[in-house]
Amino acid sequence: MNTRTQVLLWTAQRASAAVLGLCVLIHLVTMIYAVKNGLTAAEVLGRTRGNTGWAAFYALFVAAIAVHAPIGLRTILSEMLGWRGAALDFFVLALGIALALWGWRAVWGVFVV
Amino acid sequence: MASLKEQVDTAIRSYLSTLQVRVWRGRESGEFRTYEVPRLESQTVLDVVTYIQRSLDPTLSYRFACRVGVCGSCAMTVNGKARWTCRTHVARVAEGDQIEIAPLANLPVIKDLVADMSRFFDKWAQAKGQFHGTRTRAGDFARVLPESRQRQAVDAAIECIGCGVCYSSCDVVAWNPDYLGPAALNRAWTLVNDVRDTARVARLAAVAGDAGCHACHTHMSCTERCPKNLVPTASIAGLKRAVAAAALKGEL
């Protein structure tokens, strides 16, 4: 991996951290609100399905996770296990894609179907 | 004024008060050997090591030069922390009457308390720590305004004496042997802000990425331990911003 890509990965991780900070806050406030008002799963789904705004919000949340987590894991694996090189890069890329697909599938199930 | 008898008593008490000093002997493999050293007033750790070498065991190897905190040669690990030994008073670091002295961590050991600094200084070169200007000896002096933003940004950083305490204290160096380390990056930061220097982009490329400034986790051990009270962490953060901006502009 060339140096410019490494720098852009670092920048992407910082930017995704900023997005995650906001997303986690909104998510927690929403969850606490939903639990405090005693909403059932069916009532929650009734409110979420077809809601484009919330779908977009959680799609963004998933995207930020899919960017942030693999880049951080790449550093952790490199420093703690000494794993470096192309194999590590492909592994975390695959993990990022998997996280995005799993997350967006959940968003689809809760907000669209 | 104390009588002669009181002065003699004080001198005897001082002499009888001894330090138990565990000193690393050997190379990468070796052992700590314990020496008894008289405890004196205003005694530094370097004084202790010097006493051992001159009075107890002339085969002990260690490195020092100026003895006054200028040259950066005498850094060692004292009770588990990297310190400049010439300006470290025994009274500040001794745990009871115990002191443990070892070579700097994160560097190969040549012998006893002498660490091999080659890798440390090679990384200064890798970080393009050399100045590149355009003027010759025939030209006029360059004028660097003391109040300018760039000069202010490196006001502390230029005082680095290259002792290696930060490098020895850095977790990232221990985890990633390719990491350039705080001192080399701090040096690069001083040159990135030097208005006379012409190698800015090449230097930013040299200090970028997995082995460069972006590997720093901001643990701040370098800042905590720097004997000159510099803040290499801030220099590295400055490099991160400068390099990211250059990467986004496509300059790298």
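This structure is a prediction, so every number in the text was calculated from the model and none was measured.

K.L.:
Give me the overall build of chain B: which residues, what numbers.
P.N.:
A count of helices and strands for chain B gives 11 helices and seven strands. If you line up chain B on its principal axes, its C-alpha atoms span 75 × 45 × 35 Å. Each of the 252 residues in chain B was classed as buried or not, and the buried ones make up 45%. Long-range pairs, those at least 24 residues apart, make up 63% of the contacts in chain B with a sequence separation of at least 6.

K.L.:
Outline the pairing of strand E1 (residues 18-26) of chain B, supporting the account with residue identities and numerical values.
P.N.:
For a regular strand, side-chain orientation follows a simple rule: the groups alternate between the two sheet faces. All names here are of chain B. For E1 and strand E2 (residues 30-38), the ladder comprises nine bridges, and the chain directions are antiparallel. Looking at the pairing, glycine 26 lines up with glycine 30 of E2. Where E1 hands over to E2, the hairpin turn is made up of three residues, counted between the paired strands. Here E1 pairs with strand E5 (residues 98-102) via four bridges, running parallel. Across the sheet, valine 21 pairs through a bridge with isoleucine 99, a residue of E5.

K.L.:
Please provide a residue-by-residue account of the pattern of salt bridges, values included.
P.N.:
On inspection of all chains with the given rule, the structure shows 11 salt bridges over all chains. Residues arginine 74 of chain A and aspartate 210 of chain B are paired through a salt bridge, measuring 2.6 Å at the closest nitrogen-oxygen approach. With arginine 74 of chain A in helix H3 (residues 52-81) and aspartate 210 of chain B in the loop between helix H9 (200-206) and helix H10 (221-225), the pair connects residues from two separate chains. Residue arginine 25 of chain B pairs with aspartate 112 of chain B through a salt bridge whose shortest N-O separation is 3.1 Å. Remark: aspartate 112 of chain B occurs in the loop between strand E6 (109-111) and strand E7 (114-115) and arginine 25 of chain B occurs in strand E1; sequence separation between them is 87 residues. Residue classification places arginine 25 of chain B among the buried residues on the basis of a relative accessible area of 7%. A single salt-bridge network, built from bridges that share partners, covers Arg25, Arg33, Asp57, Lys111 and Asp112 of chain B.

K.L.:
I'd like a rundown of the pairing of E5 of chain B, residues and numbers included.
P.N.:
When strand E3 (residues 75-78) of chain B meets E5 of chain B, the two strands line up antiparallel, connected through two bridges. Note that in E5 of chain B the partner of threonine 77 of chain B across the bridge is alanine 102 of chain B.

K.L.:
Let's hear about the packing of aromatic side chains: which residues, and what values?
P.N.:
Pairs of aromatic rings are described using the distance from one ring centre to the other and the angle between the two planes. Taken as a whole and assessed by the stated rule, the structure comprises 13 aromatic pairs over all chains. With a centroid separation of 5.9 Å and an interplanar angle of 50°, the aromatic rings of phenylalanine 121 of chain B and tryptophan 124 of chain B are classed as tilted. In this pair, phenylalanine 121 of chain B and tryptophan 124 of chain B are both assigned in helix H4 (residues 118-126), three residues apart and thus about one turn of the helix distant. Judged by its relative accessible area of 41%, phenylalanine 121 of chain B is partly exposed. Using a relative accessible area of 17% as the deciding quantity, one classes tryptophan 124 of chain B as buried. The rings of Trp54, Phe57, Tyr58, Phe61 and Phe111 of chain A are connected pair by pair, giving a single aromatic cluster.

K.L.:
Outline the packing of helix H1 (residues 3-36) of chain A against helix H11 (residues 232-248) of chain B, listing residues and values.
P.N.:
Here H1 of chain A crosses H11 of chain B at 110°, and the two axes come no closer than 9 Å. As summarised for this structure, H1 of chain A and H11 of chain B are arranged roughly perpendicular, according to the angle between their axes. The interaxial crossing formed by H1 of chain A with H11 of chain B has left-handed handedness. Judged by residue contacts, Arg4, Val7, Leu8, Trp10, Thr11 and Arg14 of chain A of H1 of chain A engage Lys240, Val243, Ala244, Ala247 and Leu248 of chain B from H11 of chain B. Here the contact of H1 of chain A with H11 of chain B is composed, by residue class, of seven nonpolar, one polar and three charged.

K.L.:
Account for the nonpolar core, naming residues and giving values.
P.N.:
Side chains that are nonpolar tend, in soluble globular proteins, to be buried together. All names here are of chain B. Core analysis: the largest hydrophobic core is formed by 42 residues, its most contacted members being Tyr179, Leu185, Val207 and Leu239. Contributions of two or more residues to this core are made by strand E4 (81-84), H4, helix H6 (165-169), helix H7 (171-175), helix H8 (182-192) and H11. Residue contacts for tyrosine 179: discarding those within four places in its chain leaves Lys123, Tyr167, Cys170, Val172, Val173, Leu185, Ala211, Gly212, Ala215, Cys216 and Ile236. Core analysis: the next-biggest nonpolar cluster, separate from the first, contains 25 residues, Leu19, Ile52, Tyr62 and Cys74 among them.

K.L.:
Outline the environment of alanine 41 of chain A, supporting the account with residue identities and numerical values.
P.N.:
When you line up the elements, alanine 41 of chain A lands in helix H2 (residues 41-48). In this structure, the C-alpha to C-alpha distance between alanine 41 of chain A and valine 107 of chain A, residues 66 residues apart in sequence, is 15 Å.

K.L.:
I'd like a rundown of the confidence of the model for chain A, residues and numbers included.
P.N.:
Looking at chain A as a whole, the pLDDT averages 93, with 100% of positions reaching at least 70. Mean pLDDT in chain A bottoms out at H2 of chain A, which sits at 86, and peaks at H3 of chain A, which reaches 96.

How each quantity is defined
- Residues numbered from 1 in each chain as written.
- Chains lettered and ligands numbered in written order.
- Predicted model: local features only at pLDDT ≥ 70, side-chain atom pairs only at ≥ 80, totals over all residues.
- Heavy atoms only, no water.
- Helix = DSSP H or I, 4+ residues; strand = E, 2+ residues; numbered from the N terminus.
- Buried < 20%, exposed > 50% of the residue type's maximum accessible area, 1.4 Å probe, protein only.
- Contact = heavy atoms within 4.5 Å.
- Pairing = 2+ DSSP bridges.
- Salt bridge = Lys/Arg side-chain N within 4 Å of Asp/Glu carboxyl O.
- Phe/Tyr/Trp six-rings, centres within 6.5 Å; stacked < 30°, edge-to-face > 60°.
- Axes fitted to C-alpha atoms, helices over the stretch in contact; angles between N-to-C directions.
- Parallel < 35°, antiparallel > 145°, perpendicular 65-115°, else oblique.
- Left-handed = near helix turned anticlockwise from the far one by under 90°.
- Nonpolar A, V, L, I, M, F, W, Y, C, P; charged D, E, K, R; others polar.
- Core = buried A, V, L, I, M, F, W, Y, C linked by side-chain atoms within 4.5 Å.
- pLDDT = per-residue confidence, 0-100.

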